[in-house]
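# Structural description and commentary
Take a look at the letters that make up each chain.
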Amino acid sequence: MSDPAYEAELAEHQQDHTHRDVSGGWLRAATFGAMDGLVTNIALIAGVGGGGADRQVIVLTGIAGLVAGAFSMALGEFASVGTQNEAIDAEAEVERRELARHPRAEQAELVDEYRKLGLSDETARRVAEEISANPDIALRVHVSQELGVSLDDKPSPWVAAGSSFLCFAIGGIIPLLSFLVGSPSLLLGLGIGAVGLFVAGALSARFTVRTWWGGGLRQLMFGAIAAGAAYLVGMLIGVTAG
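Quantities reported herein were computed from a predicted structural model and do not represent experimental measurements.

## Some words on the nonpolar core
- With 14 residues, the main nonpolar core has Leu110, Tyr114, Ile131, Leu139, Val141, Val143 and Leu151 as its most contacted residues.
- At the level of elements, helix 3 (55–101), helix 4 (103–116), helix 5 (121–132) and helix 6 (135–147) are the ones that each hand at least two residues to this core.
- Looking at this core element by element, the count peaks at four residues for helix 6.

Below, the structure is given as structure tokens:
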């Protein structure tokens with residue numbers, strides 16, 4: 001017999017109970033790429049601008065930094081995520097061999113883990129026995145319990161690289177906008193970059209428990225530190241613009 005109240009609760013639960021992707025795939029790469037693109041080019045612009053460079057040199061430096069940084073970030077993310085996945089696969093293979101060689105010892109490990117979670121001895125044994133009866137399920141559960149990762153949710157290195165490349169390029173172009181349309185004002189360019197930093201920080205805060213203004217101010221502070229240091233170096237060293 002159907003229960004309308006239960007069915008309504010279940011439908012509401014299925015609609016509301018969703019989670020964002022926090023597995024380290026596109027979200028981390030996109031956030032890091034956008035922030036790095038903004039900070040890197042704001043600092044570059046501040047450095048060469050503080051050294052006396054004109055608009056043309058600033059644009060050239062910013063575009064070169066954008067291209068180099070975007071490719072560096074993408075290749076770094078691809079190598080990092082790919083290496084991480086390979087390491088997980090290698091550890092999973094170790095676990096697969098252990099399950100084949102010492103099945104009872106591995107099952108005992110599961111029993112201990114479930115006891116630590118608060119299950120009774122009888123329930124822990126029954127769950128461990130049922131899991132151990134299926135080698136594929138047993139491997140996934142052991143990897144999850146012992147390594148804290150899921151074999152089914154490994155991030156894609158291609159997605160991470162693409163997200164990082166695109167978001168670095170978007171972040172890197174923002175401080176250059178005023179220079180690209182003809183303005184020679186360093187202050188205006190840095191101001192636009194500061195707005196971009198605040199907006200990026202506020203948007204990234206939506207994926208956390210941090211307030212939007214807290215996230216924005218934090219990222220603005222990071223960018224200001226980098227830009228200030230680069231500007232000081234530019235002033236001390238100077239540039240020769242022909």
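## Some words on the environment of Ser156
- Summarising the element assignment, Ser156 is placed in the loop between helix 6 and helix 7 (157–173).
- Given a relative accessible area of 30%, Ser156 falls into the partly exposed group.
- Put simply, Ser156 and Val81 are 75 residues apart on the chain and 7.2 Å apart in space, counted from C-alpha to C-alpha.
- A polar contact is formed between the side chain of Ser156 and the backbone nitrogen of Trp158, at a distance of 3.3 Å.
- Polar side-chain contacts of Ser156 include one of 3.3 Å to the backbone nitrogen of Val159.

## Some words on the packing of aromatic side chains
- A complete count under the given rule lists three aromatic pairs for this structure.
- Consider the rings of Phe71 and Phe165, whose centres lie 5.0 Å apart with planes at 80°: the pair is edge-to-face. One end of the pair, Phe71, is in helix 3; the other, Phe165, is in helix 7, with 94 residues separating them in the sequence.
- In this structure Phe165 comes out as partly exposed when scored by relative accessible area, which is 32%.
- Taking 6.1 Å as the distance between ring centres and 90° as the angle between the ring planes, the aromatic pair formed by Phe198 and Trp212 counts as edge-to-face. Of the two residues, Phe198 is situated in helix 9 (residues 186–204) and Trp212 in helix 10 (residues 212–237); the sequence distance between them amounts to 14 residues.
- With relative accessibility at 53%, the residue Trp212 sits in the exposed group.

Conventions adopted
- Residues numbered from 1 in each chain as written.
- Predicted model: local features only at pLDDT ≥ 70, side-chain atom pairs only at ≥ 80, totals over all residues.
- Heavy atoms only, no water.
- Core = buried A, V, L, I, M, F, W, Y, C linked by side-chain atoms within 4.5 Å.
- Buried < 20%, exposed > 50% of the residue type's maximum accessible area, 1.4 Å probe, protein only.
- Helix = DSSP H or I, 4+ residues; strand = E, 2+ residues; numbered from the N terminus.
- Polar contact = N/O pair within 3.5 Å; in protein donor to acceptor, adjacent residues only side chain to side chain.
- Phe/Tyr/Trp six-rings, centres within 6.5 Å; stacked < 30°, edge-to-face > 60°.

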